[in-house]
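Examination of the molecular architecture
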Amino acid sequence: MHNASSSFVRNLVLLVISGLAIACGDSGTGGSAAPPPAGGTGSGSGSGTTVQATVTVSISSATAPADGATPITATAVVTLSDGSVVADGTTVTFTTTLGTFVGFGTATAQTTTTNGSASLALVSSSPGDALVRAATFGSLGSASVSFVSTGSGGGSGGGGSGGGGGSGGTNVSFNGTLLLFSDSNLVDAGVQNTVTLSGYAKNPNHTPYAETGPVVWTVTGPASVPPADWGIISASSQVANGTFSGTWNAAEQAGRYLLIAWLGSVTDYVFIDVIDRSPASVSLSLSQSAVDGDGASTVDLTVTVLNSSGTPVADGTDVLLTLNGVGLLDNTALQTSGGIAKAVYTAPSTNVGASVSITAAVGALTDTATLTVNPVFATGPFSGALLLSADPLITDAGASNTVSLSGFAKNPDNTPYDGNDQVVWTVTGPTGVPSIDWGIVDPPSSVNNGTFSGTWNVAEQTGKYLLMATLGSVTDYVFIDVVDRSPASVALSASPTVLDADGTSTSNLTVTVLDNSGSPVPDGTGVLLTLSGAGVLNDTALQTSNGVATAVYTAPSTSANSTVTITASASGITANVTLTINGVAPPAPFSGTVLLFSDANLVDAGAQNTVSLSGFAKNANNTPYDGSDTARWCVTRPSGIPASDWGSVDPPA
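Below, the structure is looked at part by part. (Residues numbered from 1 in each chain as written. Predicted model: local features only at pLDDT ≥ 70, side-chain atom pairs only at ≥ 80, totals over all residues. Heavy atoms only, no water.)

**Quick notes on the packing of aromatic side chains**
Applying the stated criterion to the full structure yields nine aromatic pairs. Relative to F101, the ring of F94 has its centre 6.1 Å away and its plane inclined at 65°; by these criteria the two rings are edge-to-face. On the basis of relative accessibility, which here comes to 0%, the residue F101 falls in the buried class. Between F174 and Y209, the ring centres sit 4.7 Å apart and the planes meet at 65°, which makes this aromatic pair edge-to-face. Residue F174 is found in the loop between β9 (139-148) and β10 (177-182), and its partner Y209 is found in the loop between β12 (194-202) and β13 (214-220); the two are separated by 35 residues along the sequence. One cation-aromatic arrangement involves R133 over W262; the distance from NZ or CZ to the ring centre is 4.0 Å. It is R256 that lies over the ring of F271; its NZ or CZ is 5.4 Å from the centre. (Phe/Tyr/Trp six-rings, centres within 6.5 Å; stacked < 30°, edge-to-face > 60°. Buried < 20%, exposed > 50% of the residue type's maximum accessible area, 1.4 Å probe, protein only. Helix = DSSP H or I, 4+ residues; strand = E, 2+ residues; numbered from the N terminus. Lys NZ or Arg CZ within 6 Å of the ring centre and 35° of its normal.)

Given below as structure tokens:
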């Protein structure tokens, strides 16, 4: 297999030695610069990677009638590097550029070997040159045959493949070199990946191949994968100034795939490995097997996740840690990087020895490690009283909330306790909620002049949770309710619901959003308004305050009657309201008299002066005009003064 850079270097080297390779008849890198010997056969697998097998293809006749009935036989002999033939039953894939294989009716077919040989019959109803290829074990060979019109006389002799991958007559006359690259030589199985293929075709004198002949793409998969599952490769690509490109929608079954570009009888190819990187093994290791129960000592946890080939799984693979016993994990939901995920265990503060187990799970795969917690005996055990409080006592589910815990420890004589013991925090959730979802409390807290504090990162599932503080053998606790305050109902009202279409009439919209207990949702809950119909909403993205959000709708200016629908949405829950819009006929145009006045009829030239203009509009019956038309101002200059120097008047009023 070679990638873009290694393929480029490989081909540069092969260009230098190509003359020698051709002269010696060695297999090369996708086609030769010289024509093949008549009737010859070829073999070769391509790049500088280790060749596992050699495929030699022969055709029973150099020519055959193009009558769709007379078969010729293509035979592939597969030999291994030690000179032996492959085992019986080895799958060989045949393809042809013209005609179909007998018994299959397709241009691609598979058969198996007997004594190292596999054969298929080929017919064609169309005259022309067919390039027949056979591939197995990532190696391929080819030979050609000419199908001639019945009665036309013999055709040209078939060429075999010389120097690496096959040659033979085709409709494209190219005898240069192909360089083929791929943007990835390693893709994951089980996903829809696309590999980009690109290449360069150059003539024997190293100039770009300038003809318009097509590059034909083929793909060959492992014997264990049927051809229908080899992915989809571009049918053909035109060469432009020596360059060409294509794509392969990668196969989803693991294995090594051979992608080939053909221009005439010249080829180059790349190997692409499709690998299964799904988890196959999980191992959990601890940095130490025992730890002191002092409330502070830690143990490093390392989870290694490998695939079936023993290599790291894809980055971001989820790992779940569970703790059975006392202590604290800094994280329980991990993701791998380079096949590794890490966490830290903190020992509890305890004067009783304990054994804890930690389990790492990736899907159904698990591994468990056991840790011994050694007891640590504190001086002056506490025997007084604890007072514990929490803020708040009711909090929202589904959000990253923190509850503040605080307390006071006093001795039996009511003096503040200030000994060496630490307060240990624990949380217990409601039945039905697994312990991994009970949220996280702080590690043990020291007592300072009788006071102590901690936090609880709230569970995201609803229910009543018990938070407990333990100092020596003395405890106190609080209950904290985790409630679901997400939107459960949305109501939308409008006042009024009937408006005149005068462009100014408004309706006040009120959205009420409640949770499943009938209480207002938290302030700042988002509400989206949408309008179906004419008019304007003053805002569409609202936020609640005490469960309510408001907006204003303004009617359009139109003479037509209509209805509009306004929809309010919060967390996928919607409510609608329909408004009736009564059309308003436009006022009659003004036909009365206008009187215009100015505060000055004489101003100085060369200065920035402003003249105030005022007027009076009255109807034909001498009543004041109060319509919706606007008065437009204009100014006319004396002859000889350009328009840019006429001064400026106000816009219509």
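**Section: the environment of S265**
If you trace the backbone, S265 turns up in the loop between β17 (255-263) and β18 (266-275). Here the alpha-carbon distance between S265 and N175, two residues 90 residues apart in the chain, equals 7.7 Å.

**Structural notes on the pattern of salt bridges**
Taken as a whole and judged by the stated rule, the model has four salt bridges. With a shortest N-O distance of 3.5 Å, D188 and R277 are connected by a salt bridge. A residue pair is termed long-range when its members are at least 10 positions apart, and D188 in strand β11 (residues 186-188) and R277 in the loop between β18 and β19 (281-286) qualify at 89 residues. By relative accessible area, D188 is classed as partly exposed at 24%. The closest approach of N and O atoms between D396 and R485, which form a salt bridge, is 3.6 Å. Of this pair, D396 sits in strand β29 (residues 394-396) while R485 sits in the loop between β36 (474-483) and β37 (489-495), and the two are 89 residues apart along the sequence. Look at R485 and you get partly exposed, because its relative accessible area is 29%. (Salt bridge = Lys/Arg side-chain N within 4 Å of Asp/Glu carboxyl O.)

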